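Listed here are the chains, written in short residue letters.
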Amino acid sequence: MIPCGVLVAQNSVFLPDEFLAQMREALPAHLSFDAFIDACQRPLRRSIRINTLKISVEDFLQLVSPYRWQLTPVPWCKEGFWIEREDEEALPLGSTAEHLSGLFYIQEASSMLPVAALFADNNQPLRVMDVAAAPGSKTTQIAARMQNRGAILANEYSASRVKVLHANISRCGIDNVALTHFDGRVFGAALPESFDAILLDAPCSGEGVVRKDPDALKNWSVASNLDIAATQRELINSAFHALRPGGTLVYSTCTLNRDENEAVCLWLKEQYPDAVEILPLGSLFESAKEALTPEGFLHVFPQIFDCEGFFVAHLRKTTAITPLPAPNFKVGNFPFTPMKTRESAQIAAAAQQVGLRWDEHQRLWQRDKEVWLFPTEIEPLIGKVRFSRIGIRLAEVHNKGYRWQHEAVIALAKGENTFALTHKEAEEWYRGRDIYPDSSPERDEVIVTYQGFALGLAKKVGSRLKNSYPRELVRDGRLFTGSESDEH
């Protein structure tokens, strides 16, 4: 046994002695303990998920084919790929044109598993909650699976991470999300039986992430894990109350001990033996049985699929349960009012002139001079909890018409009223600079694009296009791949 406190192997992964003893006991008979140690020491493979709200998998692969990226399919997510790049050091993946325009999300392969489970067996939920949503990898994956229909309540307890969550939602062109900022334990009482599906990717001890963070277990202890498990039980109990009868709950962690994984789910089953059904995940994808537990959960040790350690459980609520006591917090006044039919029609017509469209799944609301577009599926929850924001801010009303917002342009542009930028012009756009094209567009306001995808709205001022890219998103340093021609 490796002594406690010893740094293991060349990349200095710290694996406490007690943790290794737990893992030796937890590993199923068909898995090698030495292979587990070896896997923990290997650098983590990078992976991406193609955002099918913007581009199909086939079209994306065609688009990036000149870059010589090596893309290997992730078995449980048809939009997911492990990626190897020769120019990774020269150009970060997050600075590529395709990432900046929201065509893909940098997401660890195993973290794609919970959403795969949420939509297993052709499940098509209309109202979904992501209890611990930041930075947004799973929320954006859920939105893509829903094709922006219905509504997602994406909650994040950490105030500092809500901004990052919104930025990722906006970049990916998502318009059906409502954001909240609460302790996840409030929802069972505040929103009982309100969701068709719930994802609880629970806060955990992070034992599965040592390949990405060699110091992840520096403060590890059995006592700490048990404290975390107590919180997880409260979270899963709350989530189960917020789930409607017949709905499905996916519980997941990026840790490996049974206390935070199997034991939490089995505790819920003990609490509500007639209401909790465990849905086995052995057929989720072709090789899923390699990680299947006797209960039907997926306990993914890092050597099985060469990814982060992960745990996923898929549960169904078969019947109603005794509700929790009503919450004692005040929601406060809701500052929005739905727009009247005539005003809504006027704004929709003006938006179409610019190239923005939406459908009957969204409705216009107003707050002072701000015009917002809310997913209609979230409306029954208004007044029950306080929202940080709902849907997208469409426009601000001013004397000369409407000032269209960047997030609305990214989400609602439908390929009309566009002006294509060259490679260099697109780089200038992301740097926040005005564009001086060789030829000017006909209209005064135009949606600028690169590779056929909207970058934002530009206003023609003489021979230049005035840049409206939000200041907080402006990038410096090297952008794109540099080797692509302007025509690509």
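Structure first, text after, so check above.
Residues numbered from 1 in each chain as written. Predicted model: local features only at pLDDT ≥ 70, side-chain atom pairs only at ≥ 80, totals over all residues. Heavy atoms only, no water.

1. Some remarks on the overall build of the chain
- Helices and strands together make up the secondary structure of the chain, namely 14 helices and 24 strands.
- Here the C-alpha atoms of the chain give a radius of gyration of 24 Å, agreeing with the 23 Å that 2.2 N^0.38 yields for 488 residues.
- Dimensions of the chain, computed from C-alpha atoms along their principal axes, come out at roughly 75 × 55 × 35 Å.
- The buried share among the 488 residues of the chain stands at 54%.
- The long-range fraction of contacts in the chain, counting pairs at least 24 apart against all pairs at least 6 apart in sequence, stands at 72%.
- Put simply, the chain shows about 21,400 Å² of open surface, and 48% of that area lies on carbon and sulfur atoms.
- Side chains of the chain carry 52 positive and 62 negative charges; the gap between the two charge centres is 7 Å. (Helix = DSSP H or I, 4+ residues; strand = E, 2+ residues; numbered from the N terminus. Rg over C-alpha atoms; globule rule 2.2 N^0.38 Å. Buried < 20%, exposed > 50% of the residue type's maximum accessible area, 1.4 Å probe, protein only. Contact = heavy atoms within 4.5 Å. Areas by Shrake-Rupley, 256 points an atom, 1.4 Å probe, with all protein chains shown as cover. Lys, Arg positive; Asp, Glu negative; His and termini not counted. Charge placed at Lys NZ, Arg CZ, Asp CG, Glu CD.)

2. Looking at helix 3 (residues 57-64)
- For helix 3, the complete set of buried residues consists of Val57, Phe60, Leu63 and Val64. On an axial view of helix 3, the arc spanned by its buried residues comes to 125°, and they lie on one face. Of the residues in helix 3, the exposed ones pointing more than 90 degrees away from the buried face are Glu58 and Gln62.
- Those residues of helix 3 that are buried are in contact with strand 3 (47-50), strand 4 (70-74), strand 5 (77-84), helix 4 (97-100), strand 6 (104-106) and strand 23 (453-461). (Arc of directions from axis to C-beta.)

3. Examining the packing of aromatic side chains
- Evaluated as defined, the whole model comprises 26 aromatic pairs.
- Linked through ring pairs, Phe19, Phe33, Phe36, Trp220 and Phe301 together constitute an aromatic cluster.
- A cation over a ring is seen here: arginine 24 above phenylalanine 33, with NZ or CZ 4.0 Å from the ring centre.
- Positioned above the aromatic ring of phenylalanine 240 is the side chain of lysine 317, whose terminal nitrogen or guanidinium carbon lies 5.3 Å from the ring centre. (Phe/Tyr/Trp six-rings, centres within 6.5 Å; stacked < 30°, edge-to-face > 60°. Lys NZ or Arg CZ within 6 Å of the ring centre and 35° of its normal.)

4. So, the environment of histidine 299
- Structurally, histidine 299 is set in strand 13 (residues 298-300).
- Under the relative-accessibility criterion, histidine 299 is labelled buried at 5%.
- Counting along the chain gives 44 residues from histidine 299 to threonine 255, while the straight-line C-alpha distance between them is 9.3 Å.
- Those residues in contact with histidine 299 that lie beyond four places of it in its chain are Leu256, Asn261, Glu262, Ala291, Thr293, Ile304, Phe310 and Phe311.
- Polar side-chain contacts of histidine 299 include one of 2.7 Å to the side chain of glutamate 262. (Polar contact = N/O pair within 3.5 Å; in protein donor to acceptor, adjacent residues only side chain to side chain.)

5. Focus: the side chain of glutamine 141
- Considering the arrangement of structural elements, one finds glutamine 141 in helix 6 (residues 137-146).
- What makes glutamine 141 buried here is its relative accessible area of 3%.
- Excluding residues that lie within four positions of it along the chain, glutamine 141 makes contacts with Arg49, Cys77, Gln107, Ser111, Met112, Val115 and Ala116.

6. Things to note about the sheet that holds strand 21 (residues 418-420)
- Spatially, 4 strands are ordered 21-22-23-24 in an open sheet, and the strand pairing comes out mixed. Here the strands that pair on one side only, and so sit at the sheet edges, are strand 21 and strand 24 (464-466). With strand direction ignored, the average angle separating the axes of adjacent strands in the sheet is 50°.
- Its contacts with the sheet place helix 14 (residues 423-430) against strand 21, strand 22 (445-450), strand 23 and strand 24, and it is angled at close to 85° to strand 23. (Pairing = 2+ DSSP bridges. Axes fitted to C-alpha atoms, helices over the stretch in contact; angles between N-to-C directions.)

7. Here's the deal with the state of the cysteines
- Under the criterion given, the structure shown has 0 disulfides.
- Of the cysteine sulfurs around cysteine 172, a residue in no disulfide, the closest is that of cysteine 77, at 13 Å.
- Here cysteine 307 is not disulfide-linked; the sulfur of cysteine 40 is the nearest cysteine sulfur, at 11 Å.
- Of the residues examined, cysteine 307 reaches a relative accessible area of 0% and is grouped as buried. (Disulfide = S-S within 2.5 Å.)

8. A short note on the sheet that holds strand 16 (residues 362-367)
- On the basis of which strands lie adjacent, the open sheet formed by 5 strands has the order 15-16-17-19-20 and antiparallel pairing. The strands lining the two open edges of the sheet, one partner per strand, are strand 15 (337-338) and strand 20 (401-404).
- Here helix 12 (residues 341-354) sits on the sheet in contact with strand 16, strand 17 (370-375), strand 19 (392-398) and strand 20, set at roughly 60° to strand 20.

9. So, the environment of serine 439
- Checked against the element boundaries, serine 439 lands in the loop between helix 14 and strand 22.
- Residue serine 439 is classed as partly exposed on the basis of its relative accessible area, which comes to 47%.
- Sequence spacing of serine 439 and arginine 367 is 72 residues, and the spatial spacing of their C-alpha atoms is 39 Å.

10. Structural notes on unusual backbone geometry
- In this structure, the amide linkage connecting alanine 134 to the following residue, proline 135, adopts the cis form with an omega of 5°.
- Position of proline 135 relative to the elements: it lies in the loop between strand 7 (127-130) and helix 6.
- Even without being a glycine, aspartate 368 presents a positive backbone phi close to 55°.
- Residue placement: aspartate 368 occurs in the loop between strand 16 and strand 17.

11. Concerning the pairing of strand 10 (residues 195-201)
- Burial within strand 10 is extensive, with 7 of its 7 residues counted as buried.
- The pairing of strand 7 with strand 10 spans 3 bridges and is parallel. Its bridge partner being in strand 10, valine 128 is matched across the sheet by alanine 197.
- By the bridge criterion, 6 bridges tie strand 10 to strand 11 (residues 243-253) in an arrangement that is parallel. Looking at the pairing, aspartate 201 lines up with serine 252 of strand 11.
- A crossover connection joins strand 10 to the parallel strand 11 through helix 9 (residues 222-242); in handedness this β-α-β unit is right-handed. (Right-handed = clockwise from strand over helix to strand, strands pointing away.)

12. A closer look at the packing of helix 9 against helix 10 (residues 262-271)
- Relative orientation of the contacting elements helix 9 and helix 10 amounts to 45°, with a least axis distance of 10 Å. Between helix 9 and helix 10, the angle is such that the two are oblique. For helix 9 against helix 10, the interelement crossing comes out right-handed. Contacts between helix 9 and helix 10 involve Ala229, Gln232, Arg233, Ile236, Asn237 and Phe240 from the first element and Val264, Cys265, Trp267 and Leu268 from the second.
- Taken together, the residues that form the contact of helix 9 with helix 10 break down as 7 nonpolar, 2 polar and 1 charged. (Parallel < 35°, antiparallel > 145°, perpendicular 65-115°, else oblique. Left-handed = near helix turned anticlockwise from the far one by under 90°. Nonpolar A, V, L, I, M, F, W, Y, C, P; charged D, E, K, R; others polar.)

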